[in-house]
Number of protein chains: 2
Amino acid sequence: MIECGHGCNHCSDQLCLHKVPIFNALDESDLEKIASIIIHREYKKGETIIMEGEKSESVVIMHEGSSKAYKYTPEGREQILYVFSEGDFFGETNLLRNQLATFSVEALQPVKTCMIMKSQFQSLIQQYPIMGIKIIEDLGDRMVRLENALQSMGVRNVDARISGLLLDFANKYGSNDKKGTVVHLPLSREGMANYLGIARETVSRKLGQLENDGIIQTLNNKSILIKDDESLKVIAGELY
Amino acid sequence: MIECGHGCNHCSDQLCLHKVPIFNALDESDLEKIASIIIHREYKKGETIIMEGEKSESVVIMHEGSSKAYKYTPEGREQILYVFSEGDFFGETNLLRNQLATFSVEALQPVKTCMIMKSQFQSLIQQYPIMGIKIIEDLGDRMVRLENALQSMGVRNVDARISGLLLDFANKYGSNDKKGTVVHLPLSREGMANYLGIARETVSRKLGQLENDGIIQTLNNKSILIKDDESLKVIAGELY
DNA sequence: CGGACCATTGATAATTGTCAAAATTCGTGG
DNA sequence: CCACGAATTTTGACAATTATCAATGGTCCG
């Protein structure tokens, strides 16, 4: 068991809570209370954590691993909305009304989650109004990201979007190296395509182009090396 | 002055508050307190209500008229994120941190707004935790709409997106008629194009096509008649 | 009535999607 | 550790769609 550094007897719970920014405002004794109402779950790669249309009665916190949130069209086309990783959470929308999940979430790797029932989450907020504000903050951040994503889809060309995605992944899943940044991609080519709203063949071609231009190098299907960060930012429209 | 039906002396304020669902949970005496901290503003068509990048220190409630929220790329391409109308509000994201506005808002018609300073909004939430939950609900709804919009951009073809937009507008701004639904468009062709992330010429062409097919009829630049609701829904992918 | 603004139409070019086939990678079990 | 089969990715050829540019036509308002 991993040492949590608090000498408590709820280490695994505490670890989970400490990873989530919305609980930062609370002190240890409050956290211990919350820890006791947490339910732990594990999922294998490819397993479904929640399913669009199902009743969603809990808030789920990512404790380990990463997952994708997506929707299907009736014709079977998948649109990925988010890639969640450690510390992210979902299910907090529609906290009062027990509505149906608006997207599905699937484990991209082995995943551990912590769950809190919505009913209990609500009383937490009544008890600690500051947590309500924290959640509003967090939702606000998510909205801003979503708004940016929408703008991206609307006005940026495909090259810019792919480059931007690589840079995002580099921030979240990259490690520096003397040759550049090694990025472990959480999504397959098809996943990236479904995230960007383009065909998977187009992803292949565009990545191939970036490789020809010496900007990136594919190490294997799951990782690439960013050799020329600057150029990538220029293509992404983040630098001039 | 319009009669508000409460025999109070803050009618115009009360009207404003009564239009906003998040205040539904409060009783009259609470509402009166809130009414006293509201600031009223009016804008002409084309005026900017908030500007992306400016400090955003208040929550703005639409009281009359409609407005568009949009972002510009450095190259000057506009992406419209929302069309706000009566009862909608914005600026509630980033309630704690006084961050910069992430989008601009411009009046599409003469607009009246009610503003509450963020600092005061925060203490409202501390005082009425239920309001925090209401806002979380509202943000959740907005997120769902945004997620749907993102999916739309990603996987639906242009015909489906235009048809879907017309149906949305019909819901919000349409009135039934024996010949069909007359829709008063809040956006120009260019506006619709910037909302859907396509060229304005494409909007013209697609609307022309719908007219040729007898599904709609353009009455003038600002209003259309939906003659065949069913077909429109089929094209939008909402019906089979 | 005139002028500014907005919308439509046409021709063409650029981009991306689609389908099919080949190549590569990955995981498993021997 | 290697080899095999399945899954994924890449590549090529072609078709479809939409953007762009330019010119024309229409509408609204003073």
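Residues numbered from 1 in each chain as written. Chains lettered and ligands numbered in written order. Predicted model: local features only at pLDDT ≥ 70, side-chain atom pairs only at ≥ 80, totals over all residues. Heavy atoms only, no water.

Engineer: Which residues make up the protein's contact with DNA strand C, and what are the values?
Structural biologist: Val158, Thr202, Arg205 and Lys206 of chain A together with Ser204 of chain B are the nearest of the 16 residues found near DNA strand C. Expressed as a percentage, the sugar and phosphate content of the atoms of DNA strand C within 4 Å of the protein is 60%. One of the side-chain N or O atoms of Lys206 of chain A is found 2.9 Å from a phosphate oxygen in DNA strand C. Note that a phosphate oxygen of DNA strand C is positioned 2.3 Å from one of the side-chain N or O atoms of Ser204 of chain B. At the level of secondary structure, the elements contributing two or more residues to the surface near DNA strand C comprise helix H7 (200-212) of chain A together with helix H6 (189-196) and helix H7 (200-212) of chain B. Here the surface near DNA strand C takes 4 residues from H7 of chain A, the largest share from any one element. Residues belonging to the surface near DNA strand C are distributed by class as follows: 3 nonpolar, 6 polar and 7 charged. (Near = heavy atom within 4 Å. Polar contact = N/O pair within 3.5 Å; in protein donor to acceptor, adjacent residues only side chain to side chain. Helix = DSSP H or I, 4+ residues; strand = E, 2+ residues; numbered from the N terminus. Nonpolar A, V, L, I, M, F, W, Y, C, P; charged D, E, K, R; others polar.)

Engineer: Please provide a residue-by-residue account of the interface of chain B and chain A, values included.
Structural biologist: Between chain B and chain A, the contact holds 44 residues from the first and 44 residues from the second. Summed over both partners, the interface of chain B with chain A comes to about 4,300 Å²; 68% of that surface belongs to carbon and sulfur atoms. Of all residues in chain B, Ile136, Met143 and Leu150 of chain B bury the most surface against chain A, accounting for 16% of the area lost on that side. Our enumeration of links across chain B and chain A arrives at 0 salt bridges. Along the contact surface separating chain B from chain A lie 4 residue pairs in polar contact (both at pLDDT 80 or more). Within the residue set of the side of chain B that touches chain A, elements represented by two or more residues are strand S4 (66-72), strand S5 (78-85), helix H3 (118-127) and helix H4 (129-155) of chain B. Counting residues per element, the side of chain B that touches chain A draws most heavily on H4 of chain B, which supplies 22 residues. Taken together, the residues that form the side of chain B that touches chain A break down as 22 nonpolar, 13 polar and 9 charged. (Contact = heavy atoms within 4.5 Å. Buried area = accessible area lost by both parts, 1.4 Å probe. Salt bridge = Lys/Arg side-chain N within 4 Å of Asp/Glu carboxyl O.)

Engineer: Go over the protein's contact with DNA strand D, please, and point to the residues and values.
Structural biologist: Near DNA strand D you find 15 residues, and of these Ser204 of chain A together with Val158, Thr202, Arg205 and Lys206 of chain B are the closest. In the model, a base nitrogen of DNA strand D is placed 3.0 Å from a nitrogen or oxygen of the Glu201 of chain B side chain. Among the elements of the structure, helix H6 (189-196) and H7 of chain A together with H7 of chain B are those that each provide at least two residues to the surface near DNA strand D. With 4 residues, H7 of chain B is the single largest residue contributor to the surface near DNA strand D. In terms of residue class, the surface near DNA strand D is made up of 3 nonpolar, 5 polar and 7 charged.

Engineer: So what's going on with the pattern of salt bridges? Residues and values would help.
Structural biologist: Residues and elements named next belong to chain B. Per the counting criterion, the structure on display carries 15 salt bridges over all chains. Residue Lys71 pairs with Glu52 through a salt bridge whose shortest N-O separation is 3.8 Å. Within this pair, whereas Lys71 is found in strand S4, its partner Glu52 is found in the loop between strand S2 (48-50) and strand S3 (58-64), the two being separated by 19 residues in sequence. Note that Glu78 and Lys68 form a salt bridge whose closest N and O atoms lie 3.2 Å from each other. On the criterion of sequence distance, the pair formed by Glu78 in strand S5 and Lys68 in strand S4 is long-range, its members being 10 residues apart. Judged by relative accessible area, Lys68 falls into the buried class, the value being 11%. (Buried < 20%, exposed > 50% of the residue type's maximum accessible area, 1.4 Å probe, protein only.)

Engineer: Tell me about the domain arrangement of chain A, and please be specific about residues and values.
Structural biologist: By convention, interface size is frequently given as the accessible area that disappears when the constituent parts associate. All names here are of chain A. Assigned domains within chain A: domain 1 (2-153) and domain 2 (157-236). If you average the C-alpha positions of domain 1 and of domain 2, the two centres end up 27 Å apart. Facing 12 residues of domain 1, the contacting portion of domain 2 comprises 10 residues. Between domain 1 and domain 2, roughly 1,000 Å² of surface is buried when both sides are summed, and carbon and sulfur atoms account for 52% of that area. On the domain 1 side of the interface with domain 2, the three residues burying the most area are Ile80, Val83 and Met153, jointly 44% of the side's total. Run the count over domain 1 and domain 2 and you get 6 residue pairs in polar contact (both at pLDDT 80 or more). Secondary structure elements with two or more residues in the side of domain 1 that touches domain 2: strand S5 (78-85) and helix H4 (129-155). Tallying contributions element by element places S5 first for the side of domain 1 that touches domain 2, with 7 residues. (Domains from an automatic or database assignment.)

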